[in-house]
Amino acid sequence: MRTLRGNKILLRALEPEDIDILYRIENDEDLWSLSETLVPFSKHTLKEYIANAHLDIFETKQLRLVICDLGTGDVIGLVDLFDFDPLHLRAGLGIVIASNEDKRKGFASEAIKVVKGYCATHLKMHQLYANIDEENKPSRALFEKSGFDLIGIKKDWRRKYGVSKGKRSFTNELMYQHIL
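The sections below set out a description of the structure shown in this document. Keep in mind that what you see is a predicted model, and the values were worked out from it rather than measured.

1. Quick word on the packing of helix α5 (residues 107-121) against helix α6 (residues 137-145)
Line of reasoning, step 1. Between α5 and α6, whose axes approach to 10 Å, the crossing angle comes to 45°. Judged by the angle between their axes, α5 and α6 are oblique. The two elements α5 and α6 cross, and the hand of that crossing is right-handed. Counting all contacts with α5, which are made through Ala 108, Ser 109 and Ile 112, the residues of α6 involved are Leu 142, Phe 143 and Lys 145.
Line of reasoning, step 2. In terms of residue class, the contact of α5 with α6 is made up of four nonpolar, one polar and one charged.

Now the structure itself:
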């Protein structure tokens, strides 16, 4: 398990006891714009998801790992590999730190470093990419600091939440890439 451990964090598989934190993260409306979620998830649905989390990334084309603080053992967030493409050896990468108290402590950057090593060593992947809202400056800085290059801009890609009076408002989505 060395490859899934950093100095501050450990990445591990989902466990049944993670249901409450998963429920909280998946149903946090402030995060829905990051994942294109429009409806809440039930605990029943999430229990089924956890029960199938053991399935191979080559079969499901995704992998979710839990970020744990090595000092306390607490769950502090999630890392997602999604749209895994075994032919072209690439996947999307998403990360969320659950509480504001755990942000800006280096957990996310270390989790990205650990998952990059895992992808290169165990999955023999060639590249990772991330799609980030142009206005999400903390995420942009995180991925840039982690060696991802800005490679494109998807214009007016995401509709903003909370727009009133029938006005449509969109934001650009930036695509970052990292060759492993």
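There is more to say, and it comes next.
2. Here's the deal with the nonpolar core
Line of reasoning, step 1. One finds Leu 11, Leu 81 and Leu 93 to be the most contacted residues of the largest nonpolar core, which totals 32 residues.
Line of reasoning, step 2. Those elements that provide at least two residues to this core are β1 (9-13), β2 (63-69), β3 (75-85), β4 (90-97), α5, β5 (127-133), α6 and β7 (170-179).
Line of reasoning, step 3. In terms of residues, this core owes the most to one element, α5, which gives eight residues.
Line of reasoning, step 4. Excluding residues within four positions of it along the chain, Leu 93 makes contact with Val 79, Asp 80, Leu 81, Phe 82, Ile 112, Val 115, Leu 128, Tyr 129, Ala 130, Phe 143 and Phe 148.
Line of reasoning, step 5. Counting nine residues, the second-largest nonpolar core is a separate cluster that includes Leu 14, Val 66, Leu 78 and Val 96.

Quick notes on the rules
- Residue positions within a chain follow its written sequence, with the count starting from 1.
- For a predicted model such as this one, the threshold for reporting local features is a pLDDT of at least 70, and the threshold for listing and counting side-chain atom pairs is 80 or more; totals across whole chains, interfaces and linings nevertheless cover every residue.
- Only hydrogens and water are set aside when side-chain values are computed; all heavy atoms of the structure are taken into account.
- Note on definitions: angles span 0 to 180 degrees between N-to-C directions of axes, and those axes are lines fitted to C-alpha atoms, for helices only across the stretch in contact.
- Helix and strand definitions here come from DSSP, where helices need a minimum of 4 consecutive H or I residues and strands a minimum of 2 consecutive E residues; each element is numbered from the N-terminal end.
- Throughout, the term roughly parallel applies to angles under 35 degrees, roughly antiparallel to angles over 145, roughly perpendicular to angles from 65 to 115, and oblique to all others.
- Crossings are sorted by hand: turned counterclockwise from the far helix by less than a right angle, the near helix makes the crossing left-handed, and turned clockwise it makes it right-handed.
- Whether two residues are in contact is decided by their heavy atoms: any pair within 4.5 Å suffices.
- Ten residues, namely Ala, Val, Leu, Ile, Met, Phe, Trp, Tyr, Cys and Pro, are considered nonpolar, four, namely Asp, Glu, Lys and Arg, are considered charged, and the remaining ones, Gly among them, are considered polar.
- We call a set of buried Ala, Val, Leu, Ile, Met, Phe, Trp, Tyr and Cys residues a nonpolar core when their side-chain atoms join them within 4.5 Å.
- Categorising residues by exposure relies on relative accessible area from a 1.4 Å probe, with only protein chains included: less than 20% of the type maximum marks a residue as buried, more than 50% marks it as exposed, and the intermediate range marks it as partly exposed.

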